[in-house]
Amino acid sequence: MSTSTRYLEIADRLAAELVGCAPGTRVASEPELADRFGVGRAAARSALQELERRLLVRRVQGAGTFVNRRIDYVISHSRPPSWHATVAAAGATPRSQLKSVLRAGLPAERAEQLQCQAGTEAHLIVRNFFIDDLLASWTEEWIPVEVAPDLDLAVHTVESIDLVLRQMGRVCPVRAWCRVSFDIPPVEVLRGLRIEASVPVWQVDSISRDATSGRGLLASTAWTRADAVRVVVELGDACPGGAVPVAARAEVAR
């Protein structure tokens, strides 16, 4: 193999070895790889970059390179519109971090999504989400205050918005509409996710309604690292109990 493609051979060797490693396992550094394979630092660096492009490792500035775990984040009518429930169903440990919560008037676009008047008082919740303690997603959620008046207090103690709405609002949230795209997020989100400006992420825009009344409950946008999840959209299944989702549809864009 030529010198210019030697890094691909190294990457293939490492990829095969990483299959048996637990997520979070430290991967050998550039100097260690260069010494092991008898190549220069440039080839070792390229091999690690190739593994990162394959989403097999995650490089943490100042800490090193670690084996990556990527889960399937499944969006379907049969699953509750809940980050915590979806991540747990994939066999991982979910956690959220509240960044801010305030009351504000619904912008025109969000009001239309929730079938409310523009300016209707709503909770605006911004959170970070983690998978197995690794930062994975940044989410903005809009919930009309009338749906759950004390939601801004409850989110300080209960991480799952879906659970809070079911308990406080006495509703059954179902995903009524969803759009999935893959693009570069706003600068604020890039910084929040600690990734480079050139790296695209999953963007999931979603609307949840009450399964019985069709009332608009929540409109959200989630930006999620591609090295953390693979978004899987399943269509054609039924809601729990056989209920038909309200205006249910999904759009996928690249």
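Each remark here, short or long, concerns the structure printed above.
Throughout this document, residue positions are counted from 1 along each chain, in the order its sequence is written. With pLDDT at 70 or above as the cut-off, local features in this predicted model cover only qualifying residues; side-chain atom pairs require 80 or more to be listed or tallied, and sums for whole chains, interfaces and linings still use all residues. The side-chain quantities take in all heavy atoms of the structure and omit both hydrogens and water.

Chemist: Residue-level account of the overall build of the protein, with values.
Modeler: Secondary structure elements follow DSSP: runs of H or I no shorter than four residues count as helices, runs of E no shorter than two count as strands, and numbering proceeds from the N terminus. Helix and strand counts for the protein stand at 8 helices and 12 strands. Seen along its three principal axes, the alpha-carbon backbone of the protein occupies a region of about 65 × 35 × 30 Å. We call two residues in contact whenever any of their non-hydrogen atoms come within 4.5 Å of each other. Counted over contacts in the protein with a minimum sequence separation of 6, partners at least 24 positions apart contribute 61%. Here the positive residues are Lys and Arg and the negative ones are Asp and Glu; neither His nor the chain ends is included. Where a charge sits is defined by one atom per residue type, namely NZ (Lys), CZ (Arg), CG (Asp) or CD (Glu). In the protein, the 30 positive side-chain charges and the 30 negative ones have mean positions that sit 3 Å from each other.

Chemist: Residue-level account of the layout of surface pockets, with values.
Modeler: Roughly 780 Å³ of volume is contained in the largest pocket. Site definitions follow a grid-based scheme: protein atoms alone, a 1 Å grid, a 1.4 Å probe that fits but cannot get out for cavities, and for pockets an open set with protein on both sides within 12 Å along at least five of seven lines, plus lining residues having an atom within 4 Å of a point. Glu52, Arg58, Arg59, Val60 and Arg225 are, among the 31 residues lining the largest pocket, the residues nearest its centre. For the lining of the largest pocket, the elements supplying multiple residues, two or more each, are β1 (26–27), α3 (41–53), β2 (57–60), β3 (64–67) and β7 (134–144). Here the lining of the largest pocket is composed, by residue class, of 15 nonpolar, 5 polar and 11 charged. Grid points are joined across faces, edges and corners, and a volume is the space filled by probe spheres set on the points. When residues are sorted by character, Ala, Val, Leu, Ile, Met, Phe, Trp, Tyr, Cys and Pro go into the nonpolar class, Asp, Glu, Lys and Arg into the charged class, and all the rest, Gly among them, into the polar class.

Chemist: Would you mind going over helix α7 (residues 161–168) in detail, with residue names and values included?
Modeler: Within the sequence span of α7, burial applies to Ile161, Asp162, Val164 and Leu165. The buried residues of α7 occupy one face: seen down the axis, they fall within an arc of 165°. Buried-residue contacts for α7 involve β6 (121–131), β7, α6 (151–154), β8 (173–183) and β10 (216–224). Between buried and exposed lies partly exposed: a residue is buried under 20% and exposed over 50% of the maximum accessible area for its type, with that area taken using a 1.4 Å probe on protein chains only. The directions considered for the arc run from the helix axis to the C-beta atoms.

Chemist: Lay out the packing of helix α1 (residues 6–18) against helix α2 (residues 30–37) in plain terms, naming residues and giving numbers.
Modeler: Every axis corresponds to a line fitted to the C-alpha atoms, with the helix fit spanning only the stretch in contact, and the corresponding angles, defined between N-to-C directions, vary from 0 to 180 degrees. The contact between α1 and α2 brings their axes to 12 Å, and the two run at 105°. The angle between α1 and α2 places the two elements in the roughly perpendicular class. Contacts between α1 and α2 involve Arg6, Ile10, Arg13, Leu14 and Glu17 from the first element and Leu33, Arg36 and Phe37 from the second. Oblique is the label for any angle not covered by the other classes, which are roughly parallel (under 35 degrees), roughly antiparallel (over 145) and roughly perpendicular (65 to 115).

Chemist: Please set out the sheet that holds β1 residue by residue, giving values where relevant.
Modeler: Only strands joined by at least two bridges in the DSSP assignment are considered to pair. One open sheet accounts for 3 strands, arranged β1-β3-β2; its pairing is antiparallel. Edge positions in the sheet fall to β1 and β2, since each of these pairs with one other strand and no more. Where β1 meets β3, 2 bridges bridge the pair, whose relative direction is antiparallel. Across the sheet, Arg26 pairs through a bridge with Phe66, a residue of β3. Where α3 meets the sheet, it contacts β1, β2 and β3, and its direction lies at approximately 120° from that of β2.

Chemist: Let's hear about unusual backbone geometry: which residues, and what values?
Modeler: A positive phi angle, near 70°, is found at Asp133, a position not held by glycine. Within the secondary structure layout, Asp133 lies in the loop between β6 and β7. Despite not being glycine, Arg170 has its phi angle at roughly 50°, a positive value. You can see Arg170 is positioned in the loop between α7 and β8.

Chemist: Account for the packing of aromatic side chains, naming residues and giving values.
Modeler: Classification of ring pairs rests on two measures: the distance between centres of Phe, Tyr or Trp rings, Trp counted by its six-membered ring, which must be within 6.5 Å, and the angle between planes, read as stacked under 30 degrees, edge-to-face over 60 and tilted in between. Here the structure, examined in full by the defined rule, presents 3 aromatic pairs. Centroid distance Phe182 to Trp202: 5.0 Å. Interplanar angle 55°. Geometry classified as tilted. Here Trp202 lies in strand β9 (residues 201–210) and Phe182 lies in strand β8, a separation of 20 residues in the sequence. Put simply, the rings of Tyr73, Trp83 and Phe129 touch in pairs and so form one group of aromatic residues. Only when the NZ of Lys or the CZ of Arg is both within 6 Å of the ring centre and within 35 degrees of the ring normal is a charge said to sit over the ring. Above the face of the Phe130 ring, Arg95 is positioned so that its terminal group lies 4.1 Å from the ring centre.

Chemist: Could you give an account of the pairing of β6, with specific residues and numbers?
Modeler: Counting buried positions along β6 yields 10 of 11 residues, so the element is predominantly enclosed. Pairing analysis gives 10 bridges linking β6 to β7, with the strands arranged antiparallel. Paired with Arg127 across the two strands is Thr139, which belongs to β7. Where β6 folds back on β7, the antiparallel hairpin that results is connected by 2 residues, among which Asp132 adopts a positive phi of roughly 50°.

Chemist: Residues and numbers for the packing of α1 against α3, please.
Modeler: Axis separation between α1 and α3 bottoms out at 8 Å; the angle between their running directions is 50°. In terms of their interaxial angle, α1 and α3 are classed as oblique. Classified by chirality, the crossing of α3 by α1 is right-handed. Here Tyr7, Leu8, Ile10, Ala11, Leu14, Ala15 and Leu18 of α1 come into contact with α3, specifically with Ala43, Ser46, Ala47, Glu50, Leu51 and Arg53. Helix crossings fall into two classes, left-handed where the near helix is turned counterclockwise from the far one by less than a right angle and right-handed where it is turned clockwise.

Chemist: Now, about the side chain of His123: what can you tell me, with residues and values included?
Modeler: Its location among the elements puts His123 in strand β6. Looking at His123, its side chain comes within polar contact range of the main-chain oxygen of Ala148, at 2.9 Å. Not counting residues within four places of it along the chain, the set of residues in contact with His123 comprises Leu102, Arg103, Glu141, Trp142, Ile143, Pro144, Val145, Ala148, Pro149, Leu151 and Asp152. Polar contact is the term for a pair of N or O atoms within 3.5 Å; when the atoms are in protein, one must be able to donate a hydrogen and the other to accept it, and sequence-neighboring residues count only if both atoms are side-chain atoms.

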